[in-house]
Every structure is written in C-alpha cells, then in structure tokens.
Amino acid sequence: MKIEYVEKKIKEIEADLELIVVVNKDFKHPFCKKYKETLEEIGFGAAQNETALLPESKKLFVGAKSMDSLDIRPAVATALRSIVHKKYSSVKIATYLGSKCTAALRATAEAAILGTYSFEKFKSKKEKTELKKVYISNEGYLDNSVSTESAQSAVKKGITVAKSVNATRDIVNTPPDDFYPKIFAKSAKELEKYENIKVKVLDDEEIEKEEMNALLAVGRASRHKPKVIHISYKPKKPQAVVSVIGKGLTYDSGGLSLKPSDFMVTMKLDKSGGAAVIGIMQAVSELGLPIEVHGFIGAVENMIGGDAYKPDDVLKAKNGKTIEVRNTDAEGRLVLADVLCYAQQEVKADYIFDMATLTGACVVGVGQYTTGVMGNNKELVEQMLYTGNVSTGELMAHLPFNDYLRKTLKSNIADICNISNTRYGGGITAGLFLDEFIEKKNKEKWLHLDIAGPAFVESEWGENPYGASGAAVRSVTRFIEKITSSK
Ligand code: BES
Ligand code: ZN
Ligand code: ZN
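Quantities reported herein were computed from a predicted structural model and do not represent experimental measurements.

Reading the values: the criteria
- Residues numbered from 1 in each chain as written.
- Chains lettered and ligands numbered in written order.
- Predicted model: local features only at pLDDT ≥ 70, side-chain atom pairs only at ≥ 80, totals over all residues.
- Heavy atoms only, no water.
- Helix = DSSP H or I, 4+ residues; strand = E, 2+ residues; numbered from the N terminus.
- Contact = heavy atoms within 4.5 Å.
- Axes fitted to C-alpha atoms, helices over the stretch in contact; angles between N-to-C directions.
- Parallel < 35°, antiparallel > 145°, perpendicular 65-115°, else oblique.
- Nonpolar A, V, L, I, M, F, W, Y, C, P; charged D, E, K, R; others polar.
- Domains from an automatic or database assignment.
- Buried area = accessible area lost by both parts, 1.4 Å probe.
- Salt bridge = Lys/Arg side-chain N within 4 Å of Asp/Glu carboxyl O.
- Polar contact = N/O pair within 3.5 Å; in protein donor to acceptor, adjacent residues only side chain to side chain.
- Near = heavy atom within 4 Å.
- Areas by Shrake-Rupley, 256 points an atom, 1.4 Å probe, with all protein chains shown as cover.
- Donors = N, O, S within 2.8 Å, 3.2 Å for Na, K, Ca; no water.
- Tetrahedral: all angles 85-135°; square planar, octahedral: opposite > 155°, others 65-115°.
- Pairing = 2+ DSSP bridges.

Undergrad: Explain the environment of M303 to me, and be specific about the residues and the numbers.
TA: Turning to its location among the elements, M303 is positioned in the loop between β10 (292-302) and β11 (314-316). Each C-alpha atom of the pair M303 and G360 lies 19 Å from the other, and the pair is 57 residues apart in sequence. Not counting residues up to four positions away in its chain, the partners in contact with M303 are A221, S222, Y251, S253, G255 and A308.

Here it is as structure tokens:
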C-alpha cells in the first residue's frame, strides 16, 4: 500500500472513497454537515473508533475524541481496517492537525499501515487487500497548516516506523516450528541490507566461551540450539550510544515447571522482545538517526526432556552470580541476565533498554494493553512514560522498585533465586532480578520494559490487529529519535 501527501484540495483528488473523521462528535464542520441526518438515521454517534460507511456517497466516517495524534491514530487505523478487503482501491483523507503540529499527520500515515496489517501467511485462501493507495490532502480540518517539507517528513517517518512495527509483528506471529533461534539469526542477518548495520551471531560454542551458562541451561532440552545475536548500527559521528536487549524465547513451554495447556497456547509470543529489537534496528537505520544503536537478542527455546534444566539446579551466570532455579518457567530473566551482562561487556552505552514478555503478573497488574516500565532512574522512567503515553500511543505504567520486594529473591544456597518467595508483585520482582545483572555504573542508564500484555492480544485494539502488536518498537525508536533532537 502506498501513502502519498498531496498539495491539492480534497475535492480535487480522485479516489474511490473519502475518509472523514468526525472530531469530538461535531457534525457542524463543513466536512460532515451534509451527512449529519443520514448518519443519525443509521445510528452513527461518532464515538472514538466508531465507523460508518455511506457507499452511495463514497464516504467513510469515523469518530475521534480530538485531533490529538492519540485519538487520530486509532480512529484512522480502525476505519481503514473496516474497508481494507472491500472493493475500494484508493482512499483520500484531509489533514487533521491537532495542537502538536505534525504529530497527527505522522499518526495518520502510521495508522494506515498499522491498521491494515494482517497475518495471512498460513491461510490457503488469502483475503485480498483491495486498498492500494491512501492520499493525504494538505487541506486541513482547521485552518492551520505546516510547511510542505515538515509535512512530507512527518508522513515519511510514520510510514518508516510502521513498516518496522509490521516486520516485528510478522516475526512474533510466526509459529514456533517455523521460527526458532537459527531463523531468528537469519532474520537478523537480513538487516545487513539496511545502511550501517552489521550482525554478529554467537552459536552455542561461542556462547559457552562467554560463560552464559544461565541462557544455555534454559535452552538445553530443545532440539534448536540457542543463538545470541548482536546487531550494530553505526552511523558516522554518532551523538550517543544506545543498547536495546530483547528476550527472544521462540517458545516457552515452561520447561519442567510445565505450563498448563491453556497457558501454553500463544507462547510463540515469548520472542516479542527480541522481535522488537529487529524492528527497532530496521527503523533507526531507515530513519538514518545519528545515534549508535546496538541490539542484542537471546534466542532460545524453553522445552522439556531428559536434558532439561531443573528446579533445584544452581546456575552460574556470566557475571559470576549463582542462581537457584526454583521454577523453570521463570526462564526469560535467566536468558536476559546473561545477555544483559554480555551487552554491557561489549558496548559502553548511554542508555540500556531491555524489552521482554517477562511476567503474567505485569499483565494482571496493569492490564493487557499496557507496558510495565521499571528502573532505578525516575527521570528516565518518566521520559519513557511520556514517549509512550503521549508521543506514540503505546500505553505505559511505572512499576516501582522497593527494597522489601528485593529481599524476597534471597536464596539460602545461592546468591539469588529465580523467583521470589511471595506471590505478590511478580512484575517488579522480575525487574529486580534483572537489576542484579546491571553493573553499578549502568544502574541509572537502564530501563526494563515488560511487554507481556500488549505484545500479543487475541483481538483487535485501536491501531493493533489480532495477535502481535509490535509493542515497544514505536516507543523505543521514538525515544532514540528524541535523543537526537535534544542534543
Ligand atoms: N513468558 C512468560 C510470561 C508471560 C505470561 C508472557 C503471559 C505473556 C503472557 C514467562 O516466562 C513466565 O512464564 N513467567 C512466569 C513467572 C513465574 C514462574 C514467577 C509467570 O508469569 O507466571
Ligand atoms: Zn516462562
Ligand atoms: Zn517466557
């Protein structure tokens, strides 16, 4: 699908359909005045994301609470999703500029790509995508306008990032028998086609040399050997260095602490953090950001078998800390422990972000649509919350660390347990476990994003389809973009 920003009045653009956003239920605006009665007749109330198609008039309506990008993005996405398989091959839409300049314009372009995504690879009969072209007219809903250059650039950024999100979605949606650690490495290698990207893959022998024993233990019972992937993006004269680390469990059966069968379904999602790393690397290169970015993925499968690691085992992580395993289903933190150590050894970064579908407890705490943000640096936490909740529309909530919960990870026989001794605050105790593997000098530079909820939801929500959402790609990319503009 192509998206084009055109400097023509909406009436002058030829398209099969016009998409009109009804802002704040206000039918008095010239764009919708004429259709007010018809729309009322069919019971259209213009609530956020509510859509109505008037085929005879070739108009598609959608409600949005305001012209803020946070409302425009899901509205446009939902509207286009409703007609993507219908007979319309082109749609035109006016420019909706809220208070934040080009933000809503960028969100419109982004929404068109995010909203019309579907994963059809395994369907024998694919639903045809009829929609081929979206025109965004420079004619505005209000009388405010922006320069051609900044409008074009906003649209381009929206398209670029959305495509990277969709690349992440494709990876997460792919079944575990088709996407295992070796394929993860292959997908990462394919990033070398983008500018300034190099990829290094550590196989099991090299992982052993690096003494990443916790990660190796998790992967031992699988027929698919683990891989540790390091993707680097090195532009000329970088202004800062960022490391992004992803949990890449291509399947999480729970291991010997086996998951109940209902809980195992969808556990292909457990590679979402690693898949987000791939999306972010693609985005930063395509945007040409002047920041050096390093992506690390621990690609592992957690299975059962005679060779499986066990509750009661004691593992020695890369940094020498010993871990008493009390539950093999708390495997993500073991993998991340080693990859975090490796990332800190390889790269001296100004920011370290890890992304992981780490705990069901986080989903219980904040709901399935929200990412849990943890760290030692309150300011950094606030910056990430703002980036998600205000700039990109990815919902985020802070889960605060405290020393009482930290103590619940104590082990009687090793340095630390891989689960806490309390059933409460599981999202936070997992974050506190990771903190044990962050070097002292990096404590304030690090954030942990638990994306267990939003990474994969089995129904459509806003700009997200059924299944994988590509959680964290937009926000972490935007955070990196902002480092550029603040320097
Ligand atoms: N991958 C899961 C977490 C998860 C749960 C992600 C639901 C997405 C949806 C993780 O490895 C896990 O199993 N965590 C355990 C930790 C527990 C054993 C302390 C959990 O959350 O139950
Ligand atoms: Zn698990
Ligand atoms: Zn897991």
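Now that the structure is up, let's keep going.
Undergrad: How would you summarise the packing of helix α2 (residues 69-83) against helix α12 (residues 378-392) if you had to cite specific residues and measurements?
TA: If you want to describe how two helices pack, look at the angle between their axes and the distance between the axes. Remark: α2 packs on α12, axes separated minimally by 7 Å, with the N-to-C direction vectors making an angle of 60°. With respect to their mutual orientation, α2 and α12 come out oblique. For the pair formed by α2 and α12, the contact residues are S69, L70 and R73 on the first element and N389, V390, S391 and T392 on the second. Across the contact of α2 with α12, the residue classes tally to two nonpolar, four polar and one charged.

Undergrad: Help me get a handle on the domain arrangement of the chain, residues and values and all.
TA: Along its sequence, the chain is organised into domain 1 (2-146) and domain 2 (166-486). On a C-alpha basis, the centres of domain 1 and domain 2 stand 35 Å from each other. Taken together, the 17 residues of domain 1 in the interface contact 20 residues of domain 2. Across the domain 1/domain 2 interface, buried area totals approximately 1,600 Å², and carbon plus sulfur atoms make up 53% of it. Together, R81, L114 and Y117 form the three largest contributors to the area buried by domain 1 at its contact with domain 2, with a combined 38%. Between E460 and R81 there is a salt bridge, with its nearest N and O atoms 3.7 Å apart. Scanning the region where domain 1 abuts domain 2 turns up nine residue pairs in polar contact (both at pLDDT 80 or more). Elements that contribute at least two residues to the side of domain 1 that touches domain 2 include exactly α2 and α3 (103-115). A total of seven residues in the side of domain 1 that touches domain 2 trace back to one element, the largest contributor, which is α2. Among the residues making up the side of domain 1 that touches domain 2, the classes are represented as eight nonpolar, four polar and five charged.

Undergrad: Help me get a handle on the site of ligand 1, residues and values and all.
TA: Lining the immediate surroundings of ligand 1 are 16 residues, of which K259, D270, D329, E331 and G360 lie closest. Between ligand 1 and D270, the relevant distance is 2.8 Å, taken from a nitrogen atom to a side-chain nitrogen or oxygen of the residue. Contacts to ligand 1 include T357, whose backbone N or O atom sits 3.3 Å from a nitrogen atom. The protein chains hide 76% of the 510 Å² of surface that ligand 1 would expose on its own. Taken together, the residues of the shell around ligand 1 break down into five nonpolar, four polar and seven charged.

Undergrad: Account for the coordination of the zinc ion (ligand 2), naming residues and giving values.
TA: Around the zinc ion (ligand 2), the donor atoms from the protein are D252 (OD), D329 (O), D329 (OD) and E331 (OE), and they sit 2.0 to 2.2 Å away. Classification of the site at the zinc ion (ligand 2) as irregular follows from its six donor atoms and the range of 72 to 168° in their angles at the metal. Of note, the zinc ion (ligand 2) draws all its donor residues from one chain, in the sequence arrangement D-x76-D-x1-E. The distance between the zinc ion (ligand 2) and the zinc ion (ligand 3) is 3.2 Å, with D252 acting as a donor to both metals. With a gap of 77 residues between them, D252 in strand β9 (residues 241-252) and D329 in the loop between β12 (322-324) and α10 (332-346) connect regions that are remote in the sequence.

Undergrad: Before we move on, could you go through the pairing of strand β6 (residues 133-140) and cite the residues and values that matter?
TA: Note: strand β1 (residues 2-6) against β6, five bridges, orientation parallel. Its bridge partner lying in β6, Y5 is registered against I136.

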